[in-house]
Amino acid sequence: MKSLSTRVPSMMLAAVFAALSAQAVMAQAGDTPVRINQIQVIGSHNSYHAGLLPGIAKLLEAKNPEVFRTLDYSHPPLEVQLDHGIRQIELDIYADSKGGLYAHPFGPKLVAEAGLPADPDPYPHGEMLQPGFKVMHVQDIDYASNCQPFITCLRIVKQWSEAHPAHVPIFILVETVQEVPDDKLPWTKPEAFTPALFDALDAEIRSVFHDSEMITPDQVRGRSATLNASILHHGWPTLKQARGKVIFLMDQKPVGPIYLQGHPGLRGRVLFTNATPGDPDAAFVEQNDDSAKQINALVRQGYLVRARADEDTVQARTNDTRRRDEVMRSGAQMISTDYPAAEPSRWTKYSVALPGDAAARCNPVNAPAHCVDAQMEAPR
């Protein structure tokens, strides 16, 4: 039997070789070009949503409990969500070219008429008086946001990104709102989005993020004839190329043609449209209500897909995990929820998280064989 003094160097040598082997495996995995459509992240739905103000909440719960239930959720500040691993956020924006359009909502008047205590002003510093895009859910009633105006939200993300330069790309979903909910109340009528307003939107984004800090349609298209041809035949940028950057996506389809005017195939634009697969501008597709099979097929073709795990607080109230688990398996790159791991449902503790509460993981459908979950981001 060898002495302990003889065995110790051998054990140390074996440990060194094991460590070197592990490093070699990690290096091999790192050399495999994982692309940004080959990862999966958790996103927050209506990330800006600070919740209904108390008086409006009480009034709405009494007058229309069904609508109240759909709005009964909130999120912490954007930087807190990013700290907790959220890598897709959603911002609903309203155009306000002159400023002040949404500065006098009728919600407080309804609260006063009901004899309820007045709600505090969520914007005591005059944020709603200045020109620029505003962030809120429903004008006049559900207008409290954890960042205001839009450009402030962008600056928060920019500051967080600069402090965490190795993060996987942050997907920023933008919904342009221009409707009134119904004709029963004196809603503030939003400005309609026009090509000129979309020019202003792109300019506002570029005032915060330089093109080198974003992944844009022009970068992805490269020398291909169309954006669609590029993602189907050449693929998306690699994760290495996209680290520390943001990607802007358009939430709804109807305004896509307006955004495209004067910018065929999204040439010169910032946002990727929510497009119909096969169209020249198609690279990103929302599949909020579609089956896992439909999502899976799009992911395998090369599209970026965003899907919702829950909506209107329904699943959260009953701990119904069926849709959540389905979209997790589907390969959708962005899984949006009102209940990330750090914000579980107060009714059932329902939540949505990647294994190990990671910020990102290798996509279960299309990631290359050597993709390593642990290499997505350093532990938080």
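Note: the structure precedes this text.
Here the structure is a predicted model, which means the values were calculated and not measured.

Draft legend 1. Spotlight on the pairing of strand β7 (residues 304-308). Counted residue by residue, β7 has 5 buried out of 5 residues, so it is predominantly covered. Side chains L304, R306 and R308 of β7 all project onto a buried face; the interleaved residues V305 and A307 project onto the opposite face, where all are buried too. Relative to β7, strand β6 (residues 284-286) is paired through 3 bridges, and the arrangement is parallel. Its bridge partner lying in β7, V285 is registered against V305. A crossover links β6 with its parallel partner β7, the connecting element being helix α12 (residues 292-301), and its sense is right-handed. Inspection of the sheet shows β7 paired to strand β8 (residues 334-337) by 3 bridges, in the parallel sense. The partner of A307 across the bridge, within β8, is I335.

Draft legend 2. Representation of unusual backbone geometry within the structure. The amide bond that connects Q148 to the next residue, P149, takes the cis arrangement and shows omega of -5°. In this fold, P149 is placed in the loop between β3 (134-135) and α6 (150-163). The residue N46 is not glycine, and still its phi comes out positive at about 45°. Here N46 shows up in the loop between β1 (39-44) and α2 (54-63). Of note in this structure, D140 is not a glycine but carries a positive phi near 80°. Turning to its location among the elements, D140 is positioned in the loop between β3 and α6.

Draft legend 3. Molecular detail of the packing of aromatic side chains. Under the criterion given, the structure shown has 8 aromatic pairs. Summarising the aromatic geometry, the rings of F193 and F198 are spaced 5.2 Å apart at their centres and angled 35° between planes, so their arrangement reads as tilted. Per residue, the accessibility class of F193 equals that of F198, and both read buried. Judged by centre distance (5.9 Å) and plane angle (65°), the rings of F209 and F248 are edge-to-face. With F209 in the loop between α7 (195-206) and α8 (217-221) and F248 in strand β5 (residues 246-250), this pair connects stretches of sequence that are 39 residues apart.

Draft legend 4. Molecular detail of the environment of V157. Looking at the element boundaries, V157 is found in helix α6. Note: C-alpha distance between V157 and L82 (75 residues apart in sequence) is 8.4 Å.

Draft legend 5. Layout of the packing of α6 against α7. Between α6 and α7, whose axes approach to 10 Å, the crossing angle comes to 35°. As α6 packs across α7, the resulting crossing turns out to be right-handed. Along its contact with α6, which presents F150, I151 and L154, the element α7 presents L201, E204 and I205. When grouped by side-chain class, the residues that make up the contact of α6 with α7 number 5 nonpolar, no polar and 1 charged.

Draft legend 6. Local environment of helix α14 (residues 322-330). Buried within α14 are the following residues: R323, V327, M328 and S330. For α14, the arc enclosing every buried residue in end-on projection is 160°, short of the 170-degree limit, so these residues lie on one face. For α14, the exposed residues set more than 90 degrees away from the buried face come down to R322 and R329. In this fold, the buried residues of α14 make contact with β1, α12, β7, β8 and β9 (360-362).

Draft legend 7. Representation of the pairing of strand β4 (residues 170-176) in the model. For β4, a buried count of 6 out of 7 residues is recorded, marking the element as mostly surrounded by other parts of the structure. Relative to β4, strand β2 (residues 88-94) runs parallel, the two being bridged by 6 bridges. Residue pairing in the sheet places I89 in a bridge with I172 of β4.

Draft legend 8. Structural view of the pattern of salt bridges. Per the counting criterion, the structure on display carries 16 salt bridges. A salt bridge links R317 to D72; its shortest N-O distance comes to 3.9 Å. Placement of the pair is R317 in helix α13 (residues 314-318) and D72 in the loop between α3 (65-71) and α4 (78-83), with a sequence separation of 245 residues. For D202, the salt bridge identified is with R269, shortest N-O distance 3.1 Å. Taken together, the residues span a long stretch of sequence, with D202 in helix α7 and R269 in the loop between α11 (256-260) and β6 at a distance of 67 residues. Here D202 and R269 have matching classes, each one buried. Shared partners join several salt bridges into a network, and the residues in it are D72, R317 and R346.

Draft legend 9. Examining the nonpolar core more closely. Ranked by size, the top nonpolar core spans 85 residues in total, and within it L91, F150, I172, I205, F248, L271 and F272 carry the most contacts. Core analysis: the next-biggest nonpolar cluster, separate from the first, contains 20 residues, L53, I56, I141 and W187 among them.

Rules of the game
Note on numbering: residues in each chain are counted from 1, in written sequence order. Selection of residues for local features in this predicted model requires a pLDDT of at least 70, selection of side-chain atom pairs for listing and counting requires 80 or more, and totals for whole chains, interfaces and linings are taken over all residues. Think of the side-chain values as coming from all heavy atoms in the structure, minus any hydrogens and water. Only protein chains enter the accessibility calculation, which uses a 1.4 Å probe; a residue is then buried when its area is under 20% of its type maximum, exposed when over 50%, and partly exposed in between. Here a helix means four or more residues in a row that DSSP labels H or I, a strand means two or more in a row labelled E, and each is numbered from the N terminus. DSSP bridges decide pairing: two strands pair if at least two such bridges lie between them. By the criterion used throughout, a crossover qualifies as right-handed when its path from the first strand across the helix to the second strand runs clockwise, the strands pointing away from the viewer. Stacked, tilted and edge-to-face are the three classes applied to pairs of Phe, Tyr and Trp rings, where Trp contributes its six-membered ring and a pair requires centres within 6.5 Å; stacked means planes under 30 degrees apart, edge-to-face means over 60, and tilted covers the rest. Comment: axis = line fitted to C-alpha atoms, over the contacting stretch for helices; angle = value between 0 and 180 degrees taken between N-to-C directions. Two helices crossing with the near one rotated counterclockwise from the far one by less than a right angle form a left-handed crossing, whereas a clockwise rotation gives a right-handed crossing. In this analysis, two residues are considered to be in contact whenever any of their non-hydrogen atoms come within 4.5 Å of each other. Nonpolar residues are Ala, Val, Leu, Ile, Met, Phe, Trp, Tyr, Cys and Pro. Charged residues are Asp, Glu, Lys and Arg, and all others, Gly as well, are polar. To be clear, the arc concerns the directions from the helix axis to the C-beta atoms. By definition here, a salt bridge exists when the distance from a side-chain nitrogen of Lys or Arg to a carboxyl oxygen of Asp or Glu is within 4 Å. What we call a nonpolar core is a set of buried Ala, Val, Leu, Ile, Met, Phe, Trp, Tyr and Cys residues that are connected through their side-chain atoms within 4.5 Å.

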